[in-house]
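Reading the structure
What follows is each chain in one-letter form.
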Amino acid sequence: MAKINLVPWREQSRKRRKKAFILQLVAGVTVAVLITAGWHLLNRGMIDNQLERNAMLRKEMLLVDARIAEISRLDEIRDRLVARMEQIHSLQSSRPESVHLMDELAFIMPQGVVLTSVKQNGRSVSLEGVAQSNAQISALMDKVDHSPWLTKPELKLISTGKGLEDGLSHFSLAMQQENRTEEER
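Because the structure is a prediction, the values reported are computed rather than measured. (Residues numbered from 1 in each chain as written. Predicted model: local features only at pLDDT ≥ 70, side-chain atom pairs only at ≥ 80, totals over all residues. Heavy atoms only, no water.)

A few words on a positive patch on the surface. A contiguous patch of positive charge on the surface is contributed by Arg10, Arg14, Arg16 and Arg17. Here Arg17 shows up in helix H1 (residues 9-108). (Patch = residues over 30% accessible without salt bridge, like charges linked within 9 Å, V, L, I, M, F, W, Y side chains within 5 Å. Areas by Shrake-Rupley, 256 points an atom, 1.4 Å probe, with all protein chains shown as cover. Salt bridge = Lys/Arg side-chain N within 4 Å of Asp/Glu carboxyl O. Lys, Arg positive; Asp, Glu negative; His and termini not counted. Charge placed at Lys NZ, Arg CZ, Asp CG, Glu CD. Helix = DSSP H or I, 4+ residues; strand = E, 2+ residues; numbered from the N terminus.)

Glancing now at the confidence of the model for the protein. For the protein, the mean per-residue pLDDT works out to 84, and 90% of the residues sit at or above 70. The element-level mean pLDDT for the protein is lowest in strand E3 (residues 150-159), coming to 79, with H1 highest at 90. (pLDDT = per-residue confidence, 0-100.)

A few words now on a nonpolar patch on the surface. Together, Phe21, Ile22, Leu25, Val26, Val29 and Val33 give the surface a local cluster of nonpolar side chains, amounting to about 560 Å² of exposed area. Of note, Val33 is situated in helix H1.

We now examine the nonpolar core. If you look at the biggest cluster of nonpolar residues, it comprises 16 residues, and the most contacted ones within it are Leu140, Leu150, Phe171 and Met175. At the level of elements, H1, strand E2 (124-131), helix H2 (134-145) and strand E4 (169-177) are the ones that each hand at least two residues to this core. (Core = buried A, V, L, I, M, F, W, Y, C linked by side-chain atoms within 4.5 Å. Buried < 20%, exposed > 50% of the residue type's maximum accessible area, 1.4 Å probe, protein only.)

This part covers the side chain of Gln136. Inspection of the secondary structure puts Gln136 in helix H2. A distance of 2.7 Å separates a polar atom in the side chain of Gln136 from the backbone oxygen of Gln111. At 2.9 Å, the side chain of Gln136 and the backbone nitrogen of Gln132 are in polar contact. (Polar contact = N/O pair within 3.5 Å; in protein donor to acceptor, adjacent residues only side chain to side chain.)

It is worth spelling out the pairing of E2 at this point. In terms of strand pairing, strand E1 (residues 113-121) meets E2 through 8 bridges, oriented antiparallel. Following the sheet pairing, Asn121 is matched in E2 by Ser124. Count of turn residues in the E1/E2 antiparallel hairpin: 2 residues, of which Gly122 carries a positive phi of about 70°. Pairing between E2 and E4: 8 bridges, direction antiparallel. Across the sheet, the residue bridging to Ser126 is Ala174, located in E4. (Pairing = 2+ DSSP bridges.)

Okay, structure coming up:
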C-alpha cells in the first residue's frame, strides 16, 4: 500500500522556518545583549581603572605639594642663614675698622682739642668736644680731609659763651669713615 501524507508539507515547512526564525531571533538578541553587556563591562572597567589612577595622582599630588611646602620652608631657612652669614662676614670684615678709627682719631687730634663724645652710626662718625681756639677745629677738619680713613668733615656747631671757660669753643663735627681694603692701605 502506498503511503499518503495527509499532513500538508507546506505547513510543516512553515513551522520549521518559524521555529528557526525564532531561534535565530533569540540567538541574535542574546548575542546583542552579550555584546552590549561586554561593552558596558569593558567601559566600566576602563572608567574604574581611570578613577583609580586619578585617585593615585591626587594622592601623589598631595605628597608633592607637601614636599614643595617643605622645600619652600627650607629655602626660607637657607635665606635666613645666608643673611646671618653675610652679617657675620660683614661684622668680621669691619671689626678692625673701629681700631683704625680710634687710632686715626688719636693721630689727627691737634693739641688743645679735647673730645667729650664720639658716636658712630654705620659709616657716619660724630665728634663733640671743646677746643682752645677755632683754628684748632679748622686744623682738625684739615687733618680729617687728608686722612686715609676719614672723609667729608662737616662742622655742625661751634659755640662759645656762658658756662664755658674763657676762650674755649664747644664744637660738633660729623665725618664719614672710609671702607678700605687691605690692598688700598
